[in-house]
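# Structural overview for review
Letter by letter, the chains look like this.
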Amino acid sequence: DGYYAARDFDFGYLVTIDGDMQLDGGVNTRNDVRIDQGFTLKGNFTGSGSIDYVEIGKDWNIDGPVYLYGGNDTLKLGTTITDSSLTYFYAGAGTDRLELDINADDLSSFEAAARSVGWDDLGNGSWNANSLDLNWNGMYLFDFEDIQINVIGLNEAPIIVAEGTTNTGNVTELPAGD
């Protein structure tokens, strides 16, 4: 409580809050909220007027909107197959970052939706929203300035190019220690 305070909240797996959830914070405070997968919120989520880092794992069910409000906030969000209604995520004032964890199977639909509303693909999973909102996969995303897409299940093995070779062959990844 007071200036330059920091608060950490870690919620476990399959947590249900039967009502609204509101973060508090004075000037220059920081709230870090981490919620594992299977989160259910039967109300609104309201951020503080300061700096909030909110991480919500996959398969969430949020009945009301999520308002981050003021401050330079970060929302790290998994996708859901549990919530069948449209959930609104408002970034609010400040420079706000969205980190969205999506499955590899959803990448092409996300890219198509983002491009169709005018988002710019900056490469390496970074996007510029150009002050445009996106409605995709049950999420309506408002006013995020900085977007990072993390693709789960994408083959992240490095590409190896050997210079001066003339034959085609296969490269096999060995388990650690071999």
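Just so it is clear, the model here is predicted, and its values are computed rather than measured. (Residues numbered from 1 in each chain as written. Predicted model: local features only at pLDDT ≥ 70, side-chain atom pairs only at ≥ 80, totals over all residues. Heavy atoms only, no water.)

### Focus: the environment of Gln 37
Heads up, the condition is: Each helix is a run of H or I in the DSSP string that is no shorter than four residues. Each strand is a run of E no shorter than two, and both are numbered from the N terminus. Residue burial is assigned from relative accessible area. The probe radius is 1.4 Å, only protein chains are included, and a residue is buried under 20% of its type maximum, exposed over 50%, and partly exposed in between. A contact between two residues is defined here by any heavy atoms of the two lying within 4.5 Å.
Along the chain, the position of Gln 37 falls in the loop between β4 (30-35) and β5 (40-41). Residue classification places Gln 37 among the partly exposed positions, given a relative accessible area of 26%. When the C-alpha positions of Gln 37 and Val 15 are compared, they lie 8.4 Å apart, and in sequence the two are 22 residues distant. Beyond its immediate chain neighbours, meaning those up to four positions away, Gln 37 contacts Tyr 13, Leu 14, Gly 57 and Lys 58.

### Here we look at the layout of surface pockets
Inclusion rule: Residues are said to line a cavity or pocket when one of their atoms sits within 4 Å of a point; the points come from a 1 Å grid over protein atoms alone, cavities being sets where a 1.4 Å probe fits but cannot get out and pockets being open sets with protein on both sides within 12 Å along at least five of seven lines. Grid points are joined across faces, edges and corners, and a volume is the space filled by probe spheres set on the points. Each residue gets one label: Ala, Val, Leu, Ile, Met, Phe, Trp, Tyr, Cys and Pro are nonpolar, Asp, Glu, Lys and Arg are charged, and the others, such as Gly, are polar.
The computed volume of the largest pocket comes to approximately 260 Å³. For the largest pocket, the lining is made up of 18 residues, of which Lys 58, Gly 78, Thr 79, Asp 101 and Asn 103 are closest to its centre. Going through the elements one at a time, β7 (51-56), β10 (74-78) and β12 (97-103) are the ones with two or more residues in the lining of the largest pocket. Its residues assigned to classes, the lining of the largest pocket shows 5 nonpolar, 7 polar and 6 charged.

### Observations regarding the sheet that holds strand β16 (residues 139-142)
Strands pair in a sheet through their backbones, by hydrogen bonds, and they do so in one of two ways: parallel or antiparallel. Cut-off, in case you're wondering: Should DSSP find at least two bridges between two strands, the strands are taken to pair.
In space, the 6 strands of this open sheet follow the order β3-β6-β9-β11-β16-β15, with mixed pairing throughout. With one partner strand each, in any of the chains shown, β3 (21-22) and β15 (134-136) form the two edges of the open sheet.

### Description of the side chain of Gln 148
For clarity, the threshold we go by: Here a polar contact means two N or O atoms within 3.5 Å. Within protein one must be a hydrogen donor candidate and the other an acceptor candidate, and residues neighboring in sequence count only if both atoms are side-chain atoms.
Tracing the backbone through its elements, the reader meets Gln 148 in strand β17 (residues 146-152). Among the polar contacts listed, one links the side chain of Gln 148 to the side chain of Ser 126, at a separation of 3.0 Å. Contact partners of Gln 148, with chain neighbours within four places excluded, come to Arg 97, Leu 98, Glu 99, Leu 100, Asn 124, Gly 125 and Ser 126.

### Quick word on the pairing of β7
Looking at chain direction, β4 and β7 are connected through 6 bridges and run parallel. The residue bridging Arg 30 from the neighbouring strand is Ile 51, located in β7. Here β7 pairs with β10 via 4 bridges, running parallel. Its bridge partner being in β10, Val 54 is matched across the sheet by Leu 75.

### Points about the pairing of strand β13 (residues 120-123)
In this structure, β13 lies alongside strand β14 (residues 126-128), joined through 3 bridges in antiparallel fashion. Bridging from a neighbouring strand, Asp 121 pairs with Trp 127 of β14. The antiparallel pairing of β13 with β14 creates a hairpin that spans 2 residues between the two strands, and Asn 124 there sits at a positive phi of about 55°.

### Some remarks on the pattern of salt bridges
This is how the line gets drawn: By definition, a salt bridge exists where a carboxyl oxygen of Asp or Glu is found within 4 Å of a side-chain nitrogen of Lys or Arg.
One pass over the full model with this rule turns up 6 salt bridges. Between Asp 101 and Lys 76 there is a salt bridge, with the nearest N and O atoms lying 3.0 Å from each other. Note that Asp 101 is positioned in strand β12 and Lys 76 in strand β10, a separation of 25 residues in sequence. The class for Lys 76 is buried, based on a relative accessible area of 15%. Between Arg 97 and Asp 146 there is a salt bridge; the shortest N-O distance is 2.5 Å. Taken together, the residues span a long stretch of sequence, with Arg 97 in strand β12 and Asp 146 in strand β17 at a distance of 49 residues. Where salt bridges share partners, they join Arg 97, Glu 99 and Asp 146 into one cluster.

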